[in-house]
Amino acid sequence: MRQKIAAGNWKMNLDSQKARELVTELSNTMTPSGVEVILACPALYLDMANTLASKNRKVHIAAQNVHDKDNGAYTGEISHEMLTSIGIKYALVGHSERREYFGEKPSFLRDKVSTLVNNGFTTIFCCGEPLKVRKSKKHKSFVAKQLKDSLFHLKEDQLKSIIVAYEPIWAIGTGVTASPAQAQEMHKFIRSEIRKKYSSQTAKNLSILYGGSVKPANASQLFSKADVDGGLVGGASLNAESFKKIINSF
Ligand code: 13P
């Protein structure tokens with residue numbers, strides 16, 4: 001069975017004290033069997049969060065961003081070597097906010113994916129279309145291209161360390177969630193693309209998360225869909241009570 005995952009993406013939120021309290025609370029919480037928790041914290045808190053979370057084997061700390069190079073003159077960036085040195089082995093790549101606000105191009109994301117996979121990271125690869133594309137009904141081909149551009153250079157056995165997160169941009173931070181049927185349709189499509197490129201076994205084993213205004217009130221409906229293996233949660237992951245409800249929604 002593929003892994004069920006509740007992932008939180010804190011983005012650029014929380015001060016150090018609040019971050020500490022949130023990781024402590026979530027690390028002290030029993031996770032339902034078969035469910036793993038991933039917390040993508042701001043870089044500044046990764047070391048602290050990883051130390052606090054180390055007592056709970058089902059809570060993993062992820063970087064929100066990582067550079068593709070091993071080290072060097074890249075002011076402001078963090079490398080996989082640095083993350084590894086503090087025990088971080090999970091990272092997000094391709095979040096729409098990185099693509100849109102920081103101009104991260106598909107070829108750069110492809111290099112980041114390679115670097116992470118080659119260095120033993122579990123990578124959450126984010127994809128998803130803007131509203132205009134959804135309205136023009138080209139959302140499937142848009143997402144297929146994102147996969148092709150930045151993920152499909154991997155060899156089949158490397159897919160084992162990939163988690164895909166489908167995050168339609170029109171649903172991120174807007175309070176508008178994709179309906180469970182819309183999420184299922186796209187997740188099924190993504191899985192079929194993986195099957196076509198690789199194999200049915202690899203497609204079957206891939207966890208595909210939905211992201212975009214996941215809340216305690218809609219999580220269980222979304223997670224009940226056959227191809228939705230969990231969520232990548234922004235706003236509702238910043239509060240322990242609401243994120244715990246989401247973790248318990250499987
Ligand atoms: P929201 O849950 O705040 O819509 O954010 C989703 C997201 O972008 C997670 O990466």
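Up top you'll find the structure we're talking about.
The rules behind the values
Residue indices follow the written sequence of each chain, beginning from 1 at its first position. Only residues with pLDDT of at least 70 are given local features in this predicted model, and only at 80 or more are side-chain atom pairs given and counted; all residues enter the totals for whole chains, interfaces and linings. For the side-chain quantities, the full set of heavy atoms in the structure was used; hydrogens and water were omitted. When accessible area is computed with a 1.4 Å probe and restricted to protein chains, residues below 20% of their type maximum are described as buried, those above 50% as exposed, and intermediate ones as partly exposed. Secondary structure elements follow DSSP: runs of H or I of four or more residues count as helices, runs of E of two or more count as strands, with numbering from the N terminus. At least two DSSP bridges between two strands are required for those strands to pair. Crossover handedness is defined by viewing with both strands directed away from the observer: a clockwise path from the first strand over the helix to the second marks the crossover as right-handed. Between Lys or Arg on one side and Asp or Glu on the other, a salt bridge is scored when a side-chain nitrogen of the former is within 4 Å of a carboxyl oxygen of the latter. The nonpolar core is taken to be a set of buried Ala, Val, Leu, Ile, Met, Phe, Trp, Tyr and Cys residues, with the residues joined through side-chain atoms within 4.5 Å. Contacts between residues were defined by any pair of non-hydrogen atoms, one from each residue, lying within 4.5 Å. Residues are counted as near a molecule or strand when any one of their heavy atoms sits within 4 Å of it. Two N or O atoms form a polar contact when they lie within 3.5 Å of each other; inside protein one atom must be a possible hydrogen donor and the other a possible acceptor, and for residues adjacent in sequence the pair counts only when both atoms belong to side chains. In this description, accessible areas are obtained by the Shrake-Rupley approach with a 1.4 Å probe, and a residue is regarded as covered only by the protein chains that are shown. Classes in brief: Ala, Val, Leu, Ile, Met, Phe, Trp, Tyr, Cys and Pro nonpolar; Asp, Glu, Lys and Arg charged; the others, Gly included, polar. Between N-to-C directions, angles span 0 to 180 degrees; the directions come from axes that are lines fitted to C-alpha atoms, helices contributing only their stretch in contact. Here roughly perpendicular refers to angles of 65 to 115 degrees, roughly parallel to angles under 35, roughly antiparallel to angles over 145, and oblique to all remaining angles. Here a crossing is taken to be left-handed if its near helix is turned anticlockwise relative to the far helix by less than a right angle, and right-handed if that turn runs clockwise. For the purposes of this analysis, a disulfide is any pair of cysteine sulfur atoms at a distance within 2.5 Å.

A. Layout of the pairing of strand β1 (residues 4–9). In terms of residue burial, β1 counts as a mostly covered element, since five of its six residues are buried. Here β1 runs beside strand β2 (residues 35–41); their pairing, made up of six bridges, is parallel. Bridge assignment links G8 to a residue of β2, and that residue is L39. The parallel pair β1 and β2, bridged by helix α1 (residues 16–27), forms a crossover whose chirality is right-handed. As judged from the four bridges shared by β1 and strand β8 (residues 230–233), these two strands associate in the parallel manner. By the bridge assignment, G8 is partnered in β8 with V233.

B. Geometry of the pattern of salt bridges. Applying the stated criterion across every chain, the model contains 14 salt bridges. Linking E25 and K244 is a salt bridge whose minimum nitrogen-to-oxygen distance equals 2.5 Å. Of this pair, E25 sits in helix α1 while K244 sits in helix α11 (residues 240–247); the two residues are 219 residues apart in sequence, bridging distant segments of the chain. On the accessibility criterion, E25 (32% relative accessible area) is partly exposed. Beyond isolated ion pairs, a larger network of salt bridges with shared partners links R2, R191, D227 and D229.

C. Representation of unusual backbone geometry in the model. Positive phi, close to 55°, is recorded for K11, a residue that is not glycine. Here K11 shows up in the loop between β1 and α1.

D. Structural view of the nonpolar core. Core analysis: the largest hydrophobic core is formed by 64 residues, its most contacted members being L39, L151, I162, I190, Y210 and F243. Residue contributions to this core peak at five residues, all from helix α8 (residues 180–197). Excluding residues within four positions of it along the chain, L151 makes contact with V113, F125, Q146, I162, V164 and Y198.

E. Seen up close, the site of the ligand. Around the ligand, the surrounding shell holds 13 residues, and the nearest of these are K11, H95, E167, G173 and S213. Within the side chain of N9, an N or O atom sits 3.0 Å from an oxygen atom of the ligand. Here G234 contributes a backbone N or O atom positioned 2.9 Å from an oxygen atom of the ligand. Expressed as a share of its isolated accessible area of 310 Å², the protein-covered part of the ligand is 96%. In the shell around the ligand, the residues fall into four nonpolar, seven polar and two charged.

F. Structural context of the packing of helix α7 (residues 139–150) against α8. Viewed as axis vectors pointing N to C, α7 and α8 meet at an angle of 40°, and their least axial separation amounts to 10 Å. Judged by the angle between their axes, α7 and α8 are oblique. Our pair here, α7 against α8, has a crossing hand that is right-handed. Counted together, H139, K140, V143, A144 and L147 of α7 and E185, M186, F189, I190 and E193 of α8 form the full contact between these two elements. Classifying every residue of the contact of α7 with α8 gives six nonpolar, one polar and three charged.

G. Highlighting the environment of G128. Inspection of the secondary structure puts G128 in the loop between β5 (122–127) and α6 (131–135). As for G128 and F142, which are separated by 14 residues in sequence, their C-alpha atoms are 7.8 Å apart. What G128 contacts, discounting residues up to four positions off in sequence, is F142, V143, Q146, Y166, E167, P168 and I169.

H. View of the state of the cysteines. Here the structure, examined in full by the defined rule, presents zero disulfides. Among the cysteines around C126, which has no disulfide bond, C127 carries the closest sulfur, lying 7.6 Å off.

I. Geometry of the packing of α1 against helix α2 (residues 46–53). Running from N to C, α1 and α2 cross one another at 25°; their axes reach a closest spacing of 9 Å. Between α1 and α2, the interaxial angle falls into the category roughly parallel. In the crossing of α1 with α2, the sense of the turn from one axis to the other is right-handed. When α1 is examined against α2, the residues S16, A19, R20, V23, T24 and S27 are found in contact with a partner set consisting of M48, A49, L52 and A53. The residue makeup of the contact of α1 with α2, split by class, is six nonpolar, three polar and one charged.

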